[in-house]
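# A look at the structure
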Amino acid sequence: MKNFKRVFGSGKPVIGMVHLGALPGSPLHDREAGLEGLVAAARADLVALQAAGFDAVMFGNENDRPYEFDVDTASTATMAYVIGQLRNEITAPFGVNVLWDPMSSIALAAATGAQFVREIFTGTYASDMGPWTPDAGKAMRYRDRLCRGDLAMLYNVSAEFADSLDRRPLADRARSAVFSSIPDAVLVSGQITGEAAALSDLEAVKKALPDTPVLANTGVKHATIADVLAVADGCVIGSALKIDGDTWKAIDPNRAQDLMDRARAARGGV
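Report follows, based on the coordinates.

Cut-offs applied
- Residues numbered from 1 in each chain as written.
- Predicted model: local features only at pLDDT ≥ 70, side-chain atom pairs only at ≥ 80, totals over all residues.
- Heavy atoms only, no water.
- Phe/Tyr/Trp six-rings, centres within 6.5 Å; stacked < 30°, edge-to-face > 60°.
- Helix = DSSP H or I, 4+ residues; strand = E, 2+ residues; numbered from the N terminus.
- Buried < 20%, exposed > 50% of the residue type's maximum accessible area, 1.4 Å probe, protein only.
- Lys NZ or Arg CZ within 6 Å of the ring centre and 35° of its normal.
- Polar contact = N/O pair within 3.5 Å; in protein donor to acceptor, adjacent residues only side chain to side chain.
- Contact = heavy atoms within 4.5 Å.
- Pairing = 2+ DSSP bridges.
- Axes fitted to C-alpha atoms, helices over the stretch in contact; angles between N-to-C directions.
- Core = buried A, V, L, I, M, F, W, Y, C linked by side-chain atoms within 4.5 Å.
- Right-handed = clockwise from strand over helix to strand, strands pointing away.
- Parallel < 35°, antiparallel > 145°, perpendicular 65-115°, else oblique.
- Left-handed = near helix turned anticlockwise from the far one by under 90°.

According to the stated counting rule, one finds 10 aromatic pairs in the structure shown. Taking 5.5 Å as the distance between ring centres and 45° as the angle between the ring planes, the aromatic pair formed by Tyr67 and Phe161 counts as tilted. One end of the pair, Tyr67, is in the loop between strand E2 (56-60) and helix H3 (73-86); the other, Phe161, is in the loop between strand E7 (152-156) and strand E8 (162-164), and 94 residues separate them in sequence. We note that Tyr67, like Phe161, is buried. Site record: aromatic cluster; members linked through ring pairs are Tyr67, Phe69, Trp100, Tyr125, Trp132 and Phe161. Over the ring of Trp248 we find Arg65, and its NZ or CZ is 3.6 Å from the ring centre.

If you want it as structure tokens, here you go:
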């Protein structure tokens, strides 16, 4: 847990997503806009998040649908290029997530100097992408081989686009993941991007893990941020910040500012 506190301090961090445009090689990639289009769009979102005072930002390849477990090297390399172009403009702590590939996520973090990474590291799932069996032991050893023992590992324990084949209650699976895989934080998600995790799931996981940071990972909205932060130790937000609340649009600076104002009020002005 020391890595989490070193990155985020002792408060309840609100992490804003920079959803990169579809990368080269993925079906939705905009060839005409090219790499510079990816950089320009990411810069605009980064500026909006930092101006609103988000506690951290996270770069992800949300637009690379259909998703993969073994991500093309070009995707990871392009993400590194985009983040590298913006590196001197990033003032907040930042993390990365290469969907749905733990090894690529860790490699990207090592290449860019990211302070945290989010992924599905544990469990067994039936998913839209096929059978899903991540290997936390392999990922954690890879992190250490890359000399990134300081990298905060955020484990999503309720995979989006999937159903766990482990029939234990979510709280028991989360508790087991902490015991066996030593994450720095546990994240609880809804069924798909932009859909909220049930508050009852957050409450159950937090009750089972009183000494581990538990964050809401999807579907946090302006109307729910106060209720979420009353239970969770922080949250990750993407869709609610976008124009019209549409996951695939750019961040709306006014929506971002409004949400962070509500988050500060919920945290007692912090």
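Relative to the elements of secondary structure, Asp233 occurs in the loop between helix H8 (225-231) and strand E11 (235-237). Asp233 sits in the buried class, given a relative accessible area of 18%. Within the local environment of Asp233, its side chain forms a polar contact with the side chain of Lys206, the two groups lying 2.7 Å apart. Setting aside anything within four residues of it in sequence, one finds Asp233 in contact with Gly11, Lys12, Pro13, Lys206, Thr212, Pro213, Val214 and Leu215.

It is worth spelling out the side chain of Ser181 at this point. Residue placement: Ser181 occurs in helix H6 (residues 170-181). Within polar-contact distance, the side chain of Ser181 engages the side chain of Ser180 at 3.2 Å. Ignoring sequence-local partners within four residues, the contact set of Ser181 consists of Thr122, Ala136, Met140 and Tyr155.

One open sheet accounts for three strands, arranged E6-E5-E8; its pairing is antiparallel. Each edge of the sheet is formed by a strand with only one pairing partner; in this case those strands are strand E6 (130-132) and E8. Neighbour to neighbour, the strand axes of the sheet diverge by 25° on average, direction disregarded. Relative to E6, strand E5 (residues 125-127) runs antiparallel, the two sharing three bridges. Bridged to Ser127 within E6 is Gly130.

Okay, the pairing of E7 next. Of all five residues making up E7, five are buried, and the element is well covered by its neighbours. By the alternation rule, side chains of E7 split into Ala152, Leu154 and Asn156 and Met153 and Tyr155, which are all buried. Judged from the four bridges that link them, strand E4 (residues 116-119) and E7 form a sheet pairing that is parallel. If you follow Phe116 over to E7, its bridge partner there is Ala152.

In this section: the nonpolar core. In terms of nonpolar packing, the biggest core is built from 64 residues, with Val14, Phe54, Phe59, Cys235 and Ile237 touching the most fellow members. Apart from residues no more than four positions distant in its own chain, Phe59 is found in contact with Met17, Val18, Leu20, Leu46, Met79, Ile83, Leu86, Ile90, Phe94, Gly95, Val96 and Asn97. Membership of the second largest hydrophobic core comes to 14 residues, among which are Phe4, Phe8, Phe116 and Val236.

On to the environment of Leu170. In this structure, Leu170 sits in helix H6. Using a relative accessible area of 13% as the deciding quantity, one classes Leu170 as buried. Taking the C-alpha atoms as reference, Leu170 lies 27 Å from Val57; in sequence the two are 113 residues apart.

Okay, the environment of Leu86 next. Within the secondary structure, Leu86 sits in helix H3. When its relative accessible area of 0% is taken as the criterion, Leu86 is described as buried. In this structure, the C-alpha to C-alpha distance between Leu86 and Val39, residues 47 residues apart in sequence, is 7.6 Å. Setting aside residues no more than four positions away along its own chain, Leu86 makes contact with Val39, Ala42, Arg43, Leu46 and Phe59.

In this section: the pairing of E2. A large share of E2 lies buried, amounting to five of its five residues. Taking every second residue as pointing to the same face, both faces of E2 are buried, with Ala56, Met58 and Gly60 on one and Val57 and Phe59 on the other. In the sheet, strand E1 (residues 14-19) pairs with E2 via five bridges, with the strands oriented parallel. The residue of E2 that forms the bridge with Gly16 is Val57. Once you follow E1 into helix H2 (residues 34-52) and on to E2, the crossover reads as right-handed. Note that the unit made of E2, H3 and strand E3 (residues 94-97) has a crossover that is right-handed.

Attention now moves to the packing of helix H4 (residues 102-112) against helix H5 (residues 136-145). Think of two packed helices as two axes; the pair is described by the angle between the axes and how far apart they sit. Packing of H4 against H5 leaves a shortest axis separation of 9 Å and a crossing angle of 15°. With respect to H5, the element H4 is oriented roughly parallel. Remark: the crossing between H4 and H5 carries right-handed chirality. Residues Pro102, Met103, Ile106 and Ala107 of H4 lie in contact with H5, whose contacting residues are Lys138, Ala139, Tyr142 and Arg143.

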